[in-house]
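Structural overview for review
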Amino acid sequence: MNNLTKLLAGTSLLVPGMKGLAQNVTTPQKQSPNIVLIFTDDMGYGDLGTFGATQFQTPNLDRLASEGMRFTNFYVSQAVCSASRASLLTGCYSNRVGINGALNPHAKIGLNPEEETIADVLKSENYATGMVGKWHLGHLRQFLPLQQGFDEYLGIPYSNDMWPLYYDNTRNVPPSHKRKNTYPELPLIKGNELYRELKSIEDQNEITTVYTEAAVDFIRRKHDDPFFLYVAHSMPHVPLAVSDKFKGKSEQGLYGDVMMEIDWSVGEILNALDEYGVAENTLVIFTSDNGPWLCFGDHAGSAGGLREGKGTSYEGGQRVPCIMKWPGVIPESTICNKLSSTIDVLPTLAEITGATMPKAKIDGVNILPLLKGEQDADPRRVLYYYYGNNQLEAVRKDNWKLVFPHDHRSYVGDEPGQNGLPGPTHTATSGLELYDLRRDPGEQYDVSAFYPEKISELQALAEKAREDMGDSLTGNEGANRREPGRASE
């Protein structure tokens with residue numbers, strides 16, 4: 001038994017008295033469904049069996065897809081941790097709410113508590129709200145989940161590599177990463193308080209199990225009433241860590257082992273929904289926060305043939321796998337090729353539950369018609385690709401994507417790292433590039449010379465975004481951006 005498991009043994013992860021699954025529990029059908037939102041970290045487009053993964057198996061996620069809908073054009077708003085999570089929870093492009101990049105343990109900002117999250121919206125409809133896993137929207141107390149609409153929380157406040165260990169899992173930190181020496185031990189937080197410190201990779205080996213047990217416990221305690229459960233896995237972000245249950249189980253190595261454990265976790269959650277009689281009235285959403293961190297080589301995922309990965313506005317950075325299941329509403333074993341995004345989750349859930357939409361402007365649209373399989377529905381036709389310091393780097397309408405000139409991280413041509421160590425990346429420069437994503441999802445063939453009318457159409461859309469949210473590439477501040485939360489004096 002791992003040290004972390006020993007520390008938690010016999011202790012409910014959210015409240016005292018955790019028990020095993022009850023048998024043959026039935027619950028009356030509720031009008032509004034329970035919602036389980038599962039969010040992984042740095043998982044690529046090609047990292048699920050139904051999206052083409054090889055050398056490891058994801059049977060529970062394959063089952064989820066066979067019983068629900070697979071989305072092939074599903075996007076995050078930015079290909080980086082904090083920005084992506086801010087968008088998921090608020091229904092806004094992250095630059096609208098003042099969050100970009102990946103907040104570190106020294107950050108003095110966070111998601112503004114004045115913003116209305118999914119949890120806030122659903123609490124207004126008397127949902128119990130619980131979160132398990134990686135938060136990454138401000139580690140200070142005033143920004144933690146309990147101040148953002150959640151009743152309960154157990155997890156880490158930022159990425160699992162933001163601790164005083166290097167990627168070889170030793171404390172011999174090289175000068176290139178000396179800032180790690182200023183980071184505290186990785187905190188496991190329960191509610192608003194420090195619960196344990198994770199000091200070694202052995203502690204992290206149990207983190208997926210800890211999150212899973214907490215998620216199942218929440219379902220056990222809350223299944224009699226409508227609930228919203230947000231499970232944000234720390235994996236497969238490096239450093240990769242896996243329990244003895246899955247160590248050495250895949251042909252692909254440690255990354256495959258980690259993915260198999262995440263799949264097991266999904267299976268445990270699905271089993272709990274079945275066990276407590278609420279599976280038929282639960283909407284399950286599974287997706288990732290951005291694409292793979294490709295410079296980590298054999299410890300990174302697959303972009304599934306898409307261009308580039310995490311930290312870029314090319315498809316490998318922002319297009320992610322997504323599966324949704326809702327018995328009786330989402331038709332089984334179906335595929336949705338329509339454009340959709342994490343920013344659409346909040347307004348869709350508001351429509352489903354009858355909840356009041358946030359007072360401040362949001363960017364998401366209601367995609368319930370897509371969930372219902374309505375063939376003529378097309379609620380989202382435009383997506384903006386922002387990154388970094390409010391840079392509008394691309395815009396998509398339907399199947400056409402226009403990339404604007406900008407400097408960006410690139411993995412192309414660099415030798416990736418091995419065994420958990422990062423390889424190099426370099427800065428590349430994009431020109432004005434037009435791609436037909438229906439024919440060329442890998443963005444290999446710039447067709448800007450052939451479709452000047454499409455360039456004009458997409459540039460006009462971009463100009464609207466610049467006036468609204470700004471664009472540091474063109475020096476536009478934007479009229480409708482909001483401030484993040486800032487640390488209290």
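Residues numbered from 1 in each chain as written. Predicted model: local features only at pLDDT ≥ 70, side-chain atom pairs only at ≥ 80, totals over all residues. Heavy atoms only, no water.

Another aspect to go through is the overall build of the chain. Secondary structure summary: the chain contains 11 helices and 20 strands in total. For a compact globule of 489 residues, the expected C-alpha radius of gyration is about 23 Å, and the chain comes in at 21 Å, within 12% of that figure. Counting only C-alpha atoms and orienting by the principal axes, one finds that the chain spans roughly 65 × 55 × 50 Å. Burial status across the chain gives 61% buried among its 489 residues. At a minimum sequence separation of 6, the contacts of the chain that also span at least 24 residues come to 71%. Accessible area for the chain stands at about 18,200 Å²; split by element, carbon and sulfur atoms hold 47% of it. Of the charged side chains in the chain, 46 are positive and 63 negative, and the gap between their average positions amounts to 3 Å. (Helix = DSSP H or I, 4+ residues; strand = E, 2+ residues; numbered from the N terminus. Rg over C-alpha atoms; globule rule 2.2 N^0.38 Å. Buried < 20%, exposed > 50% of the residue type's maximum accessible area, 1.4 Å probe, protein only. Contact = heavy atoms within 4.5 Å. Areas by Shrake-Rupley, 256 points an atom, 1.4 Å probe, with all protein chains shown as cover. Lys, Arg positive; Asp, Glu negative; His and termini not counted. Charge placed at Lys NZ, Arg CZ, Asp CG, Glu CD.)

Evaluation of the coordinates by the stated rule reveals 32 salt bridges. Residue Lys245 pairs with Glu261 through a salt bridge whose shortest N-O separation is 3.6 Å. Of this pair, Lys245 sits in the loop between β9 (227-232) and α7 (254-275) while Glu261 sits in helix α7, placing them 16 residues apart in sequence. Asp398 serves as the salt-bridge partner of Arg381, at 2.6 Å between the closest nitrogen and oxygen. Linking Arg381 in the loop between α10 (368-371) and β14 (382-387) with Asp398 in the loop between β15 (391-397) and β16 (400-403), this pair joins segments that are 17 residues apart in sequence. What makes Arg381 partly exposed here is its relative accessible area of 40%. (Salt bridge = Lys/Arg side-chain N within 4 Å of Asp/Glu carboxyl O.)

Before going further, it helps to examine the domain arrangement of the chain. Here the chain is partitioned into domain 1 (34-380) and domain 2 (385-486). On a C-alpha basis, the centroid separation for the pair domain 1 and domain 2 is 23 Å. Facing the 51 residues of domain 1 at the interface are 42 residues of domain 2. Both faces combined, the contact of domain 1 with domain 2 buries some 3,700 Å², and carbon together with sulfur accounts for 48% of it. (Domains from an automatic or database assignment. Buried area = accessible area lost by both parts, 1.4 Å probe.)

The subject of this paragraph is the sheet that holds strand β11 (residues 322-325). Overall, mixed pairing links the 10 strands, which are arranged β8-β7-β6-β5-β9-β1-β10-β11-β2-β12 in an open sheet. The open sheet has two edge strands, β8 (193-198) and β12 (334-336), and neither has a second partner. Along the sheet, successive strands turn relative to each other by an average axial angle of 15°, direction set aside. Where strand β1 (residues 34-40) and strand β10 (residues 282-288) come together, 7 bridges link them in parallel fashion. Looking at the pairing, Ile38 lines up with Phe286 of β10. Helix-sheet contacts for helix α3 (residues 81-90) involve β1 and β9, and the interaxial angle to β1 is about 170°. The strands that helix α6 (residues 207-222) touches are β5 (128-133), β6 (152-155), β8 and β9; relative to β9, the one it contacts most, it runs at about 180°. (Pairing = 2+ DSSP bridges. Axes fitted to C-alpha atoms, helices over the stretch in contact; angles between N-to-C directions.)

Our focus in this paragraph is α3. The buried fraction of α3 is high, at 10 of 10 residues. All buried positions along α3 are accounted for by Cys81, Ser82, Ala83, Ser84, Arg85, Ala86, Ser87, Leu88, Leu89 and Thr90. The inward-facing, buried residues of α3 contact β1, α4 (118-123), β9 and α9 (345-353). Looking one or two places after α3, you find Gly91, whose phi comes out positive at around 75°.

Per-residue confidence for the chain gives a mean pLDDT of 94; residues scoring 70 or more make up 94%. Confidence drops under pLDDT 50 across residues 9-29; counting only partners more than four residues distant or on other chains, this segment forms 50 contacts. (pLDDT = per-residue confidence, 0-100.)

Enumeration over the complete set of coordinates arrives at 15 aromatic pairs. Ring geometry for Tyr75 and Tyr385: centres 5.8 Å apart, planes at 80°, overall edge-to-face. Note that Tyr75 is positioned in strand β3 (residues 74-75) and Tyr385 in strand β14, a separation of 310 residues in sequence. Side by side, Tyr75 and Tyr385 carry an identical accessibility label, which is buried. Taking the centre distance of 6.4 Å and the plane angle of 55° together, the rings of Tyr93 and Tyr386 count as tilted. Of this pair, Tyr93 sits in the loop between α3 and β4 (109-110) while Tyr386 is found in strand β14, placing the two residues 293 residues apart along the sequence. On the accessibility criterion, Tyr386 (0% relative accessible area) is buried. A connected cluster of aromatic rings, assembled from ring pairs, spans Phe39, Trp135, Phe150, Phe228 and Tyr230. Here the guanidinium or amino end of Lys245 rests over the ring plane of Trp264, the centre of that ring lying 4.7 Å away. (Phe/Tyr/Trp six-rings, centres within 6.5 Å; stacked < 30°, edge-to-face > 60°. Lys NZ or Arg CZ within 6 Å of the ring centre and 35° of its normal.)

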